[in-house]
Amino acid sequence: MASELEPEVQAIDRSLLECSAEEIAGKWLQATDLTREVYQHLAHYVPKIYCRGPNPFPQKEDMLAQHVLLGPMEWYLCGEDPAFGFPKLEQANKPSHLCGRVFKVGEPTYSCRDCAVDPTCVLCMECFLGSIHRDHRYRMTTSGGGGFCDCGDTEAWKEGPYCQKHELNTSEIEEEEDPLVHLSEDVIARTYNIFAIMFRYAVEILTWEKESELPADLEMVEKSDTYYCMLFNDEVHTYEQVIYTLQKAVNCTQKEAIGFATTVDRDGRRSVRYGDFQYCEQAKSVIVRNTSRQTKPLKVQVMHSSIVAHQNFGLKLLSWLGSIIGYSDGLRRILCQVGLQEGPDGENSSLVDRLMLSDSKLWKGARSVYHQLFMSSLLMDLKYKKLFAVRFAKNYERLQSDYVTDDHDREFSVADLSVQIFTVPSLARMLITEENLMSIIIKTFMDHLRHRDAHGRFQFERYTALQAFKFRRVQSLILDLKYVLISKPTEWSDELRQKFLEGFDAFLELLKCMQGMDPITRQVGQHIEMEPEWEAAFTLQMKLTHVISMMQDWCASDEKVLIEAYKKCLAVLMQCHGGYTDGEQPITLSICGHSVETIRYCVSQEKVSIHLPVSRLLAGLHVLLSKSEVAYKFPELLPLSELSPPMLIEHPLRCLVLCAQVHAGMWRRNGFSLVNQIYYYHNVKCRREMFDKDIVMLQTGVSMMDPNHFLMIMLSRFELYQIFSTPDYGKRFSSEITHKDVVQQNNTLIEEMLYLIIMLVGERFSPGVGQVNATEEIKREIIHQLSIKPMAHSELVKSLPEDENKETGMESVIEAVAHFKKPGLTGRGMYELKPECAKEFNLYFYHFSRAEQSKAEEAQRKLKRQNREDTALPPPVLPPFCPLFASLVNILQSDVMLCIMGTILQWAVEHNGYAWSESMLQRVLHLIGMALQEEKQHLENVTEEHVVTFTFTQKISKPGEAPKNSPSILAMLETLQNAPYLEVHKDMIRWILKTFNAVKKMRESSPTSPVAETEGTIMEESSRDKDKAERKRKAEIARLRREKIMAQMSEMQRHFIDENKELFQQTLELDASTSAVLDNSPVVSDMTLTALGPTQTQVPEQRQFVTCILCQEEQEVKVESRAMVLAAFVQRSTVLSKNRSKFIQDPEKYDPLFMHPDLSCGTHTSSCGHIMHAHCWQS
């Protein structure tokens, strides 16, 4: 068969080879209707060159196409032999200052971390090596294909935009010079003609949808009955499915099927059968039948060979256009004009629009070719890049919808060109102001997420696979929004303000749909049956984290925008609170003479959500008001008086209470989905816009309300109000309730609540909350990470939050806080904390996980022991709050706070009567320490005319009032200093008392005293207080001693009874007559003792208590107790040997426990005698 075809093929080749490009071009130059002439030429020759059989011959086809089809076009364009014409054009052309090299898949790309405007600005290897950036901090990656080199783009680099090669081209550059001036009018006219015809032809044929007939002007006179069964790529079916189906459908070998599948995956389509219509249709039906069982079937078309031929040439033509415009900027400009010229059909009729809007219908290979052409033409011409950006923005919604419904990866979609347009600052601003781009992106995004609950919030429950797939694709829109916002404006126009705020409105609508989504209710009784969907909501939150931060950065750069954004955000938050209140009834809370009205709400019974982006955005903006001082400059423009602090704090507080309750084990029946949500809430990826902002929102609330009221609301939400508001509730509680879980839960909740108060007062390292800058914030993060243990660079970077440019800011501050310890022969280089930074360590740093906190505490105490210091870990000296948050410190000296502290110290003093924990006490001591540090700072910084209103030392010296007459906090601390059961905390209590005395001295010497009475009466009162406190303290110590002695006596009595009861029972069993002896059991030593036999005397065993030297835990030695061990050294010994000359033949088989009669060698075991738990020794 093949031999019969060969002469025919050769004959065709000969007729084609006889064509003369020059003659055809000459004919075209004379033609009156050039379009008709060219189309006739293509209609005649394209099917003769392409698609002549079942398998393509690309080299032969390209050679013939160049000779018969492209050659005449090149002659026509140059007006002479292209071998001379193109070099002339190149010579006349001014070389471009832009590099524009399009990256292939896997090619290395370089981005300068110091100079790039954003991480998408990259250089090719050649430009990078010739630029100043090679000596900077840079990031090297491999390209996924499709991007291009940004060398020469002044908007992409803060400095050094040109490499040495492209710098030569900038010397005499005039930005507005028209590249067409270097071309003659004839060349311009001819180029315009040929480009217009060829570009239109390529677009028309590539977007042609009919399978068996061509456009009228390309139809052939005689049409053969030859068809292709064309298989198209999709991202649904696997390689294996395609290979198996092809083997069945076209009866090929596995090797051929693998070849087909590989080509389909690479190029997007491949013909799998060639022949008449019926023959190809049969293969199509088998493929469709075999692949439509579980999913949509593979796309297969039976296409006439002439259509495939023209489409193949269309692709060749686009590649040819891309290479031709490389000769001259003038040719590029003409192609851009042709592409963007409106067609006869008006809107979206330009060739570029037609291609973009047909993108999802094209196969992979065609997409890649025209994307490359767009990059080398439209994106390389600054004038037309702007016009193309406008077209792209106008069609944005449709392009994204096409992408979402399409199944190809984003790199094969025209939507991926957004990165080339939106990251150019001037284009992004122009598109925001002229095309309202921000609003378009956000609205397009929200249109795709239509699943809402009754309150209009996003609902991701029971997502089908298709919806989940769609959601993953929709996320790329967030990336586009990030690109638009990535470079902050330095100058604002009124139009930019207006359009940004419109976009901000749309963004608030998006956040409003997230506020309160995925609410959860505590599972009581039985475990949750089905884990709820939580990942989609958190994925959305993670993707939006940087966008939310960038929105705040944009607002911060203009005062007017910040004020308006703050008002808008507050209005939306009011709507959220008004829209779905929980319908709780109001209640009044009162402690220490203060009362507050709030609502009855239990986190453990009602619905609660972890997603509160509107509240958190408002918290961020509130901090910016403080940081930029707008709050002090224009207070009349801000609605600060309208704010309702209880409303602001309500939801963030619920969220933090939820975390506390989860930690206390109250939500165990809700499964892992909740545990994972809490994990991500605190995780470094999300915490900046979740946990951190909730703390800021509570700080905002506290700074604007009476701290007593805040603490009462907090006690109520933590469900601890009853314990602290009712006298002796704790004692009743611990005696009535024997259920250990409830006691443990309450203890954990009290610990968590105290921890939260420590965070609210101590976390002032965000610029705007405290008087600090961003560098100090990063320093503090690093200090606390290195307090746990020395860390490698990579480990440290992972523990710090990244900004939108993937930077942590670590490199700028690391030298100030750490030493780098070089690696040895093996291992890694480590950063170690500088000793002088240890004083900044805060045991209750808010980004520590529980495990990290305990490791850090252990490491810091160990360090102090090594330095022969006491092991107290006092709170560090903190920077002052900004004025907007200054009143926050009063929470430490508020009556309710003092009541909470006093109550817990009282529990610790009367330690047997209450359920309390050492962690609770440790947190109270930390809070007292913070308050003393605060007062010390106030006194140090006081000026003549100011009065220090922070009087914590005086308040903790006063005993409680009648009828309770409880001792003062100071007296209780002095009592606890001598308590034997608080050995670990003695150093801390000693530090507190020492600091108290120092502050008291400062206050006495201070000229400004807040108390109005004369100095004498103050002294008199304080000495009277001292005597009273001293008497109380002595009475307290005496009472404690009495209690201790009584406890010991009752313990001895109980042991005595237990032992004799045992003795009594055992003797009774043996012989009733000996029962009389039992009465005298204490005088057992006077009896005749029987060592063995049935009448063996039972001597009560001495109870032995030992302390493990590793964990310091005391334990009674019993058979059923945990095993205790001694460290021992076993060695050979010949001390008592009778035969020292004897040599052991096989030491491996020698049993050291078997002693030979000649005592030649024995075993000696020695021990230091320190006892340990077996498990402590092993670990």
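Rules and cut-offs
- Residues numbered from 1 in each chain as written.
- Predicted model: local features only at pLDDT ≥ 70, side-chain atom pairs only at ≥ 80, totals over all residues.
- Heavy atoms only, no water.
- Helix = DSSP H or I, 4+ residues; strand = E, 2+ residues; numbered from the N terminus.
- Buried < 20%, exposed > 50% of the residue type's maximum accessible area, 1.4 Å probe, protein only.
- Areas by Shrake-Rupley, 256 points an atom, 1.4 Å probe, with all protein chains shown as cover.
- Pairing = 2+ DSSP bridges.
- Axes fitted to C-alpha atoms, helices over the stretch in contact; angles between N-to-C directions.
- Salt bridge = Lys/Arg side-chain N within 4 Å of Asp/Glu carboxyl O.
- pLDDT = per-residue confidence, 0-100.
- Contact = heavy atoms within 4.5 Å.
- Phe/Tyr/Trp six-rings, centres within 6.5 Å; stacked < 30°, edge-to-face > 60°.
- Lys NZ or Arg CZ within 6 Å of the ring centre and 35° of its normal.
- Arc of directions from axis to C-beta.
- Left-handed = near helix turned anticlockwise from the far one by under 90°.
- Nonpolar A, V, L, I, M, F, W, Y, C, P; charged D, E, K, R; others polar.
- Parallel < 35°, antiparallel > 145°, perpendicular 65-115°, else oblique.
- Core = buried A, V, L, I, M, F, W, Y, C linked by side-chain atoms within 4.5 Å.

1. Here's the deal with the overall build of the protein chain
Reasoning step 1: Broken down by element type, the protein chain carries 46 helices and 13 strands.
Reasoning step 2: Out of the 1179 residues belonging to the protein chain, those deemed buried represent 50%.
Reasoning step 3: Surface summary for the protein chain: the accessible area is close to 58200 Å², and the carbon and sulfur share equals 52%.

2. Examining the sheet that holds strand β5 (residues 300-304)
Reasoning step 1: Sheet architecture is open: 3 strands sit in the order β4-β3-β5, paired in antiparallel fashion. Both outer strands of the open sheet, β4 (269-275) and β5, are each paired with one neighbouring strand and no more. Across this sheet, the average inter-strand angle for adjacent strands is 30°, counted without regard to direction.
Reasoning step 2: Across 5 bridges, strand β3 (residues 227-232) lies against β5 in antiparallel orientation.

3. Overview of the pattern of salt bridges
Reasoning step 1: Evaluation of the coordinates by the stated rule reveals 45 salt bridges.
Reasoning step 2: Ionic pairing is found between K568 and D505, a salt bridge with its closest N-O pair at 3.1 Å. Of this pair, K568 sits in helix α25 (residues 559-579) while D505 is found in helix α23 (residues 494-514), placing the two residues 63 residues apart along the sequence.
Reasoning step 3: Overall, the relative accessible area of 24% leaves K568 in the partly exposed class.
Reasoning step 4: E934 is the partner of R764 in a salt bridge, and the nearest nitrogen-oxygen pair spans 2.9 Å. In this pair, R764 sits in the loop between α34 (740-762) and α35 (774-788) while E934 sits in helix α40 (residues 918-940), placing the two residues 170 residues apart along the sequence.

4. Observations concerning the confidence of the model for the protein chain
Reasoning step 1: In the predicted model, the protein chain carries a mean pLDDT of 85, and 88% of its residues have values of at least 70.
Reasoning step 2: Contacts from residues 1-11, a stretch scored under 50 in pLDDT, to residues over four places away or in other chains number 1 contact.
Reasoning step 3: Below a pLDDT of 50 lies the segment residues 1009-1023, which in the model reaches 8 contacts outside its immediate sequence neighbourhood of four places, other chains included.

5. With respect to the packing of aromatic side chains
In this description, a pair of aromatic rings is defined by centroid distance and the angle of the planes.
Reasoning step 1: Inspection of the entire model under this criterion finds 33 aromatic pairs.
Reasoning step 2: The side chain of K299 reaches across the aromatic face of F232, ending 4.5 Å from its centre.
Reasoning step 3: The aromatic ring of F412 is capped on one face by K364, whose charged end is 4.5 Å from the ring centroid.

6. Concerning helix α37 (residues 810-817)
Reasoning step 1: Residues M810, V813, I814 and V817 constitute the buried set of α37. Considered in projection along α37, the buried side chains sweep an arc of 120° and stay on one side of the axis. Among the exposed residues of α37, those oriented more than 90 degrees off its buried face are S812 and E815.
Reasoning step 2: Buried positions along α37 lie against α35, α36 (793-798), β8 (818-821) and β9 (830-833).

7. What to know about the packing of α23 against helix α24 (residues 535-556)
Reasoning step 1: Between α23 and α24, the least distance of the axes is 12 Å, while the angle of their chain directions is 145°. The handedness of the crossing between α23 and α24 comes out as left-handed. Contact residues: α23 offers F500, F504, F507, L510, L511 and M514, while α24 offers L540, Q541, L544, V547, I548, M551, W554 and C555.
Reasoning step 2: Tallied by class, residues from the contact of α23 with α24 come to 13 nonpolar, 1 polar and no charged.

8. Some words on the packing of helix α19 (residues 425-435) against helix α20 (residues 437-448)
Reasoning step 1: As a packed pair, α19 and α20 sit with axes 6 Å apart at the nearest point and diverge in direction by 80°. One finds that α19 runs roughly perpendicular with respect to α20. Residues L431, I432 and E435 of α19 form the contact with α20, whose own contacting residues are L437, M438 and I440.
Reasoning step 2: Of the residues belonging to the contact of α19 with α20, the class tally is 5 nonpolar, no polar and 1 charged.

9. Re the nonpolar core
Reasoning step 1: Counting 286 residues, the largest nonpolar core has F195, F313, F388 and F500 as its most contacted members.
Reasoning step 2: When sequence neighbours within four positions are dropped, the list of residues in contact with F500 reads I432, M438, L485, W492, M551, W554, C555 and V561.

10. Looking at the pairing of β3
Reasoning step 1: Taking burial as the measure, the 6 residues of β3 include 6 buried ones, the bulk of the element.
Reasoning step 2: The side-chain alternation of β3 yields two buried faces, one formed by Y227, C229 and L231 and the other by Y228, M230 and F232.
Reasoning step 3: Relative to β4, β3 runs antiparallel, the two being bridged by 6 bridges. Paired with M230 across the two strands is S271, which belongs to β4.

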